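# Observations on the three-dimensional arrangement
Listed below are the residues making up each chain.
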Amino acid sequence: MDVRPDHHGHLHSAPGRVFPDLLHGIHEKHSEAACKLNPIANRSGRPSPTAASHVLEDLAGRIGGVLDGGATGVGLESTVVEAVGERSVRILRPGGVTPEQLRAAGYAVEFDAGAGIEAFGQPVSGSAVSETAASQPTAPRSPGMKYAHYAPRGEMTLVSGSAEAVRAYIQAKADAASALGLRTGILAYEETAASYRADAVLACGSLGKLESAARSLYAVLREFDELGAERIWAEACPSDGIGLALLNRLAKAAGGRQVDAG
């Protein structure tokens, strides 16, 4: 690793957070669970980095170097919660720790109005939605709560609905954009990607194992940038488990352009 001579690394911890070495696989004594890191070293608004090359792409010239410990384990940022009682939390940003896991640990779970969990009417069953943030303050209460975030350079639209309706809608829109001379991209999954045609059809993991989709999301969004996609359509995913955080990131990346295809 090349590091500018005037830069030296320092490790810092914050209350409730543990950073064994900030890297997985460097010291065998560290458990796999303790070293599944989330992406954080990105410029605001851009897709988060899940590999050292992404960090360099965003921050070249702004940092002294990158210590490469391999790809992130989860792929999405951490879950951010606010304590609202002794055994009750409000999710400000869904992430790698799912609502189901929090409930299994004995916590009552509700969602902040700014958490973006009601995209396409898919709230998590059994959880309340808090209206305390109905009038959002100027400054977001948590990272990732801005309306547009994690976005590729091309204009992206998130599409939900039945599988048949989603495929028909996305293909019609991609064909129309291609006819206008625009470079098109479609974000699908391993189960559906083969049914599309566009300048770039990228599979974002599997619908049957959304953990793989979470790990792939930001790399796929960056690949659309590399391929020059000007219009992108993304299939929505189920909101169970880590799918809630994945759907949240897709909605943020689309910047509010969301369609229910029926």
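Calculation notes
Residues numbered from 1 in each chain as written. Predicted model: local features only at pLDDT ≥ 70, side-chain atom pairs only at ≥ 80, totals over all residues. Heavy atoms only, no water. Pairing = 2+ DSSP bridges. Helix = DSSP H or I, 4+ residues; strand = E, 2+ residues; numbered from the N terminus. Axes fitted to C-alpha atoms, helices over the stretch in contact; angles between N-to-C directions. Contact = heavy atoms within 4.5 Å. Expected span 1.5 Å × (residues − 1). Buried < 20%, exposed > 50% of the residue type's maximum accessible area, 1.4 Å probe, protein only.

Taken in spatial order, the five strands line up as 7-6-8-5-9 in an open sheet, and their pairing is parallel. Here the strands that pair on one side only, and so sit at the sheet edges, are strand 7 (200-203) and strand 9 (258-260). Averaged over all pairs of adjacent strands, the angle between strand axes in this sheet comes to 20°, irrespective of strand direction. Across five bridges, the pairing between strand 5 (residues 155-160) and strand 8 (residues 231-235) is parallel. By the bridge assignment for strand 8, Leu158 is matched with Ala234. Helix 3 (residues 163-179) contacts strand 5, strand 6 (184-188), strand 8 and strand 9 of the sheet and is inclined by roughly 175° relative to strand 8. Strands strand 5, strand 6, strand 8 and strand 9 of the sheet are contacted by helix 5 (residues 243-253), whose axis makes an angle of about 140° with strand 5.

A word on helix 3. With 17 residues, helix 3 should cover 24 Å at 1.5 Å per step; its first-to-last C-alpha distance of 24 Å lies within 8% of that length. Along helix 3, the residues classified as buried are Ala165, Val166, Ile170, Gln171, Ala174 and Ala177. Each element contacted by the buried residues of helix 3 is listed here: strand 5, strand 6 and strand 8. Immediately downstream of helix 3, the backbone of Gly181 shows phi near 85°, a positive value.

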